[in-house]
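The chain contents come next:
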Amino acid sequence: EAKRRAPGTLRVFDAEMREEERLRMQVAADLPRAAERAEMRLVYQPIVRTRSGGTESLEALVRWDHPELGSIPPDRFIPLAEASGQIIPLGAWILDRALEAYAGWRRDPRFPRDAALSVNLSRRQLADPGFCRTASTLLAKHGVPASRLHLEVTEREVMDEPEAALRTLAKLRAGGIRIDLDDFGTGQSSLAALHRFPLDVLKIDRAFVSGLGVDATRTAVFRGVLDLARTLRLEVVAEGIETPLQLEIATSLRCDFVQGFGLSRPLRPEDVPAFCHAAAGGLNRPRLAA
Ligand code: C2E
Ligand code: MG
Ligand code: MG
Ligand code: MG
């Protein structure tokens with residue numbers, strides 16, 4: 001492979017690798033103080049009911065505005081935070097901030113009483129024996145009922161250490177918290193394994209949603225996942241809805257909830273009550289943003 005490159009290419013490639021590694025190390029080194037320096041913030045993407053157009057939940061998504069490197073996506077720094085263990089305090093900070101925002105929305109008359117809050121969990125948090133305690137302490141601190149909180153876990157995270165995950169999830173759910181399986185279809189969990197987990201909602205990964213209406217086979221695959229969720233008595237979110245056609249098909253297949261740029265980009269917390277109020281208005285069907 002290297003031999004086929006023009007002379008000098010390998011050295012450039014090498015330099016790029018070193019630069020990449022240097023950046024990775026800087027990101028890892030800056031991470032512990034990022035939250036206290038207020039470089040981290042949360043945005044919230046609505047999950048919308050196909051039946052009424054009302055807001056089912058708001059999913060918290062973390063953003064890092066690095067003073068030198070600019071915006072760093074969570075897919076880049078969450079894995080680093082996991083590797084260093086930093087995800088434990090960072091994850092608690094995220095849950096604290098999200099619950100604080102949610103408690104604020106609940107005081108706003110435009111915010112629907114039945115809208116929930118969804119927060120992503122990482123595998124280290126799931127394996128942390130102290131997490132259930134952290135969650136109940138933070139719920140109490142902000143006066144939010146456990147039943148209003150959904151925690152999103154991915155198939156991969158759960159399958160990593162299924163026994164430990166099973167114990168934590170069962171404890172959280174016994175306390176009233178809802179559990180959503182995120183990015184469903186991208187892992188390799190068997191039906192038998194899935195059936196054992198205490199779940200409330202399946203979020204069908206964008207990879208399946210993007211196939212809606214493209215051809216009969218890909219639409220049928222999506223429908224198959226939907227049927228599976230019904231068999232397991234779970235509610236279903238289609239994630240990554242971008243086009244009117246995807247929304248129309250997901251709705252006609254009676255998928256419970258939809259989420260995606262086509263309905264709303266992630267919102268700043270101060271914009272959430274107005275979005276929910278508009279969505280709950282007379283014309284209740286989800287309307288795609290232009
Ligand atoms: P996720 O939980 O599956 O979140 C969905 C991601 O897809 C978000 O990216 C969202 O902005 C993006 N998205 C939503 N609708 C669309 C669409 O219509 N089209 C496309 N192309 N993308 C869409 P984001 O915010 O970059 O987050 C990426 C992943 O990082 C998340 O995937 C989640 O696994 C992780 N993450 C984000 N915030 C947190 C957090 O607070 N804690 C943890 N542990 N993980 C987080
Ligand atoms: Mg998620
Ligand atoms: Mg997802
Ligand atoms: Mg996803």
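Notes on the structure in this doc start here. (Residues numbered from 1 in each chain as written. Chains lettered and ligands numbered in written order. Predicted model: local features only at pLDDT ≥ 70, side-chain atom pairs only at ≥ 80, totals over all residues. Heavy atoms only, no water.)

**Side note on the packing of aromatic side chains**
Worth spelling out the cut-off: Ring geometry is summarised as follows: Phe, Tyr and Trp rings, the Trp one being its six-membered ring, pair when their centres sit within 6.5 Å, and such pairs are stacked at plane angles under 30 degrees, edge-to-face over 60 and tilted between the two. Only protein chains enter the accessibility calculation, which uses a 1.4 Å probe; a residue whose area is less than 20% of its type maximum is buried, one above 50% is exposed, and one in between is partly exposed. Either the NZ atom of lysine or the CZ atom of arginine qualifies as a charge over a ring when it sits within 6 Å of the ring centre and within 35 degrees of the ring normal.
All chains considered together, the criterion is met by five aromatic pairs. On the basis of an interplanar angle of 40° and a centroid distance of 5.6 Å, the ring pair of Trp105 and Phe111 is categorised as tilted. Here Trp105 matches Phe111 in class, with each residue buried. Chaining the aromatic ring pairs together yields one cluster made of Tyr44, Tyr102, Trp105 and Phe111. Against the face of Phe261 rests Arg265, its NZ or CZ located 3.8 Å from the ring centre.

**Considering the site of ligand 1**
Stated formally: Nearness is judged by heavy atoms alone; a residue qualifies as near a molecule or strand once a single heavy atom is within 4 Å of it. In the analysis that follows, any N or O atom pair within 3.5 Å is treated as a polar contact, provided that within protein one partner can donate a hydrogen and the other can accept it, and provided that, for residues neighboring in sequence, both atoms belong to side chains. The way it works is that DSSP assigns letters per residue, a run of H or I at least four long becomes a helix, a run of E at least two long becomes a strand, and they are numbered from the N terminus. Just so you know the grouping, Ala, Val, Leu, Ile, Met, Phe, Trp, Tyr, Cys and Pro go in nonpolar, Asp, Glu, Lys and Arg go in charged, and all remaining residues, Gly too, go in polar.
The environment of ligand 1 is formed by 23 residues, the closest being Arg63, Asn120, Asp182, Glu242 and Phe261. Within the side chain of Asp75, one N or O atom sits 3.3 Å away from an oxygen atom of ligand 1. Elements with a contribution of two residues or more to the shell around ligand 1: strand S2 (55-66), helix H2 (74-84) and strand S6 (178-184). At four residues, the largest contribution of residues to the shell around ligand 1 is made by S2. A class-by-class count of the residues in the shell around ligand 1 yields nine nonpolar, five polar and nine charged.

**Some words on the coordination of the magnesium ion (ligand 3)**
Quick reminder of the rule: Counted as coordinating are nitrogen, oxygen and sulfur atoms within 2.8 Å of the metal, or 3.2 Å for Na, K and Ca, while water is not included, which may make sites look incomplete.
The protein atoms that coordinate the magnesium ion (ligand 3) are Asp182 (OD), Asp183 (OD) and Glu239 (OE), at distances spanning 1.9 to 2.7 Å. In primary-sequence terms, the residues that donate to the magnesium ion (ligand 3) follow D-D-x55-E. Taken as an interatomic distance, the gap from the magnesium ion (ligand 3) to the magnesium ion (ligand 2) is 3.6 Å; Asp182 donates to each of them.

**Observations concerning the nonpolar core**
Definition in use: Residues grouped as a nonpolar core are buried Ala, Val, Leu, Ile, Met, Phe, Trp, Tyr and Cys residues, joined through side-chain atoms within 4.5 Å.
Core analysis: the biggest nonpolar cluster contains 80 residues, and Met40 and Tyr44 have the highest contact counts within it. With eleven residues, helix H3 (residues 87-106) is the largest single contributor of residues to this core.

**Some remarks on the coordination of the magnesium ion (ligand 2)**
Around a metal, the idealised angle for a tetrahedral arrangement of four donor atoms is 109.5 degrees; for an octahedral arrangement of six donor atoms it is 90 or 180 degrees. At 2.0 to 2.2 Å from the magnesium ion (ligand 2) lie its protein donor atoms, namely Glu59 (OE), Asn120 (OD1), Glu152 (OE) and Asp182 (OD). Each donor residue of the magnesium ion (ligand 2) belongs to the same chain, with the gaps between them written as E-x60-N-x31-E-x29-D. The class of Asn120 is partly exposed, set by a relative accessible area of 29%.

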